[in-house]
Amino acid sequence: HDEFTIASCSYDMSVCIWRTNREDALSMPYEHHSEFVFGIDWNLFRPGEIVSSSWDEHVCVFNVNAPPPPRIPPPPRKPGMAPPPLR
């Protein structure tokens, strides 16, 4: 990444790449996780590589300069858990 590129993650299950030097700053929204995303970090040694972690029990490593990663299916329900909310 460079000085004008930042990444964010959110409870809306998205990872977003922002280019702060452009008027349309949101460069690429990624929606590969099936639960809220709580962690994100850039690889300091591989340009464009990023890792995201989510409540869906997956860690995803992908490159923002390549096609988006595939959507991760929701984890199986555990015994005694309430059904997932409708979306």
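Predicted, not measured: the structure shown is a model, and the values here were computed from it. (Residues numbered from 1 in each chain as written. Predicted model: local features only at pLDDT ≥ 70, side-chain atom pairs only at ≥ 80, totals over all residues. Heavy atoms only, no water.)

1. A closer look at the pattern of salt bridges
Here's step 1: Here the structure, examined in full by the defined rule, presents two salt bridges.
Here's step 2: Between Arg22 and Asp24 there is a salt bridge; the shortest N-O distance is 3.5 Å. (Salt bridge = Lys/Arg side-chain N within 4 Å of Asp/Glu carboxyl O.)

2. Regarding the sheet that holds strand β1 (residues 5-9)
Here's step 1: Overall, antiparallel pairing links the three strands, which are arranged β1-β2-β3 in an open sheet. A single partner strand is all that each edge strand has here, and the edge strands are β1 and β3 (26-30). Pairs of neighbouring strands in the sheet enclose a mean axial angle of 15°, with direction left out of account.
Here's step 2: Pairing geometry for β1 and strand β2 (residues 15-19), over five bridges, is antiparallel. Opposite Ile6, over in β2, you have Trp18 as the bridge partner. (Pairing = 2+ DSSP bridges. Helix = DSSP H or I, 4+ residues; strand = E, 2+ residues; numbered from the N terminus. Axes fitted to C-alpha atoms, helices over the stretch in contact; angles between N-to-C directions.)

3. Some remarks on the sheet that holds strand β6 (residues 59-63)
Here's step 1: If you walk across this open sheet you meet the three strands as β4-β5-β6, and the pairing is antiparallel. Of all strands in the sheet, those with a lone pairing partner are β4 (37-42) and β6, marking the two edges. On average, each strand axis in the sheet is tilted by 20° relative to the strand beside it, whichever way the strands run.
Here's step 2: Alignment of strand β5 (residues 49-54) against β6, held across five bridges, turns out to be antiparallel. For Ser53, the partnering residue across the bridge sits in β6 and is Val59.

4. Things to note about the nonpolar core
Here's step 1: In terms of nonpolar packing, the biggest core is built from nine residues, these being Val15, Ile17, Tyr30, Val37, Trp42, Ile50, Cys60, Phe62 and Val64.
Here's step 2: For this core, the secondary structure elements donating two or more residues are β2, β4 and β6. (Core = buried A, V, L, I, M, F, W, Y, C linked by side-chain atoms within 4.5 Å. Buried < 20%, exposed > 50% of the residue type's maximum accessible area, 1.4 Å probe, protein only.)

5. Let's talk about the packing of aromatic side chains
Here's step 1: The tally for this structure, following the rule as stated, stands at four aromatic pairs.
Here's step 2: Aromatic pair Tyr30 and Phe62: ring centres 4.9 Å apart, planes at 55°, arrangement tilted. Of this pair, Tyr30 sits in strand β3 while Phe62 sits in strand β6, and the two are 32 residues apart along the sequence.
Here's step 3: For the ring pair Phe36 and Trp55, a centre distance of 5.4 Å and an interplane angle of 15° mean the geometry is stacked. Within this pair, whereas Phe36 is found in the loop between β3 and β4, its partner Trp55 is found in the loop between β5 and β6, the two being separated by 19 residues in sequence.
Here's step 4: Assessed through its relative accessible area of 54%, Trp55 is described here as exposed.
Here's step 5: Aromatic ring contacts, followed pair by pair, group Tyr11, Phe36, Phe38 and Trp55 into a single cluster. (Phe/Tyr/Trp six-rings, centres within 6.5 Å; stacked < 30°, edge-to-face > 60°.)

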